[in-house]
Amino acid sequence: MANANNLGLTPEQLARLTVVDHPLVQHKLSILRDEQTGTKQFRDLVRELALFEGYEATRDFGLEPMQVKTPLEECTCQHLAGKKVAIVPILRAGLGMVDGILDLIPAARVGHVGMERDPKTHEPHEYYCKLPPDVEQRTCLIVDPMLATGGSATAAIQYLRDAGVRDIRLLVLVAAPEGVRAVLDYDPDVRLYTCALDRELNDSAYILPGLGDAGDRIFGTR
């Protein structure tokens, strides 16, 4: 596995990278990687890991006081200070992470960005995009289980920037060093969250050790 301090990132880039290394996350990730893990369990684990990442990605959301009357007395509590959130999965594997984030933020809107990778050049091509009409007013959480070359992620980030989005956070489960560098080099403000930094990409741009094709394993296809 890679170490964040050995990726050749600047201090500013390191500050925008969060590795979610909670023991339960690492335990669930070990099951997710196992080739014997079936489709239902794989899908459930992706949802659970997305929820864990959602906690970290929203840790800095602002709060404001509100008065609440309990069964015994009135007290001052804290609630979110008007944050609006959009979840933007990169199709199709990103769909597996959406419900985990919605478990955490039920009022979030959901957009979709469809990207497919050219099997020869490994370059992404957009084939579909649908975003909430007020997306530029929202914190956007782009979700995709795998960050390999970074091509699809940077294309999605650029699409959201073009739509006027200022606060973009990319949530992935497994990342290759090449993809991490590509994303953090590409956009000076995007924040990146991952559960694991893997070793490298192979000649076919698959992450090693990785977990296989996330889309196929989520949806039971080949």
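This write-up is about the structure you can find in this document. (Residues numbered from 1 in each chain as written. Predicted model: local features only at pLDDT ≥ 70, side-chain atom pairs only at ≥ 80, totals over all residues. Heavy atoms only, no water.)

Some details on the environment of T154
Applied cut-off: The way it works is that DSSP assigns letters per residue, a run of H or I at least four long becomes a helix, a run of E at least two long becomes a strand, and they are numbered from the N terminus. By the convention used here, residues are in contact when the closest approach between their heavy atoms is within 4.5 Å. Pairs of N or O atoms are called polar contacts if they sit within 3.5 Å, as long as, within protein, a hydrogen donor faces a hydrogen acceptor (for residues adjacent in sequence, only side-chain-to-side-chain pairs).
You can see T154 is positioned in helix α5 (residues 151–162). Taking the C-alpha atoms as reference, T154 lies 34 Å from E64; in sequence the two are 90 residues apart. Those residues in contact with T154 that lie beyond four places of it in its chain are A182, V183 and Y186. From its side chain, T154 meets the backbone oxygen of G151 in a polar contact 3.1 Å long.

Observations regarding the state of the cysteines
The criterion, for reference: Disulfides are defined in this document as cysteine sulfur pairs within 2.5 Å. Note on classification: 1.4 Å probe, protein chains only; a residue is buried when its accessible area is under 20% of the maximum for its type, exposed when over 50%, partly exposed between these limits.
Under the criterion given, the structure shown has 0 disulfides. C77 takes part in no disulfide bond, and the closest cysteine sulfur to it belongs to C75, at a distance of 3.6 Å. With relative accessibility at 27%, the residue C77 sits in the partly exposed group.

Thoughts on the side chain of T58
Position of T58 among the secondary structure elements: in the loop between α3 (39–57) and β2 (63–69). Within polar-contact distance, the side chain of T58 engages the backbone oxygen of G54 at 2.7 Å. Aside from chain neighbours lying at most four places away, what touches T58 is L104, I105 and R169.

Some thoughts on the sheet that holds strand β11 (residues 174–175)
Under the convention used in this document: Pairing between two strands requires that DSSP report at least two bridges joining them.
Spatially, β9-β11-β13 is the arrangement adopted by the 3 strands of the open sheet, whose pairing is parallel. Two strands close off the open sheet at either side, each with one partner strand: β9 (146–147) and β13 (196–197). Across 2 bridges, the pairing between β9 and β11 is parallel. For M146, the partnering residue across the bridge sits in β11 and is V174.

Observations regarding α3
Structurally, the α-helix is built with 3.6 residues per turn, so residues lying three or four positions apart point the same way. Selection rule: One less than the residue count of a helix, multiplied by 1.5 Å, gives the span that helix is expected to have.
The end-to-end C-alpha distance of α3, which contains 19 residues, comes to 26 Å, matching closely the 27 Å that a straight helix rising 1.5 Å per residue would cover. Along α3, the residues that are buried comprise F42, L45, V46, L49, A50, E53, G54 and A57. On the buried face of α3, the contacting elements are α2 (23–33), α4 (95–104), β8 (139–143), β10 (168–171), β12 (191–194) and α7 (214–219).

Describing the side chain of R138
Within the fold, R138 resides in the loop between β7 (124–130) and β8. You can call R138 buried: its relative accessible area is 8%. A distance of 2.9 Å separates polar atoms of two side chains, one belonging to R138 and the other to D134. What R138 contacts, discounting residues up to four positions off in sequence, is K84, V85, A86, R109, V165 and D167.

Remarks on helix α6 (residues 177–186)
Note the following rule: This arc describes the spread of directions from the helix axis toward the C-beta atoms.
All of the buried residues in α6 are P177, G179, V180, V183 and L184. Considered in projection along α6, the buried side chains sweep an arc of 165 degrees and stay on one side of the axis.

Section: the packing of α5 against α6
Spelled out, the test is: Note on definitions: angles span 0 to 180 degrees between N-to-C directions of axes, and those axes are lines fitted to C-alpha atoms, for helices only across the stretch in contact. Orientation is classified from the angle alone, with under 35 degrees giving roughly parallel, over 145 giving roughly antiparallel, 65 to 115 giving roughly perpendicular, and any other angle giving oblique. The crossing is said to be left-handed when, going from far helix to near helix, the turn is anticlockwise and less than a right angle, and right-handed when the turn is clockwise.
At a minimum axis separation of 9 Å, α5 and α6 run at an interaxial angle of 20 degrees. Of the possible angle classes, the one that applies to α5 and α6 is roughly parallel. The handedness of the crossing between α5 and α6 is right-handed. Mapping the contact onto sequence places A153, T154, I157 and Q158 in α5 and A182, V183 and Y186 in α6.

Focus on the pattern of salt bridges
Rules: For salt bridges, the criterion is a side-chain nitrogen of Lys or Arg within 4 Å of an Asp or Glu carboxyl oxygen.
With the rule as written, the count across this model stands at 14 salt bridges. One salt bridge connects R59 with E56, and the closest N-O pair in it is separated by 2.8 Å. The salt bridge partner of R199 is E200, with a shortest N-O separation of 3.3 Å. What makes E200 partly exposed here is its relative accessible area of 32%. When salt bridges that share partners are traced, they join D60, D167, R169 and R191 into one network.

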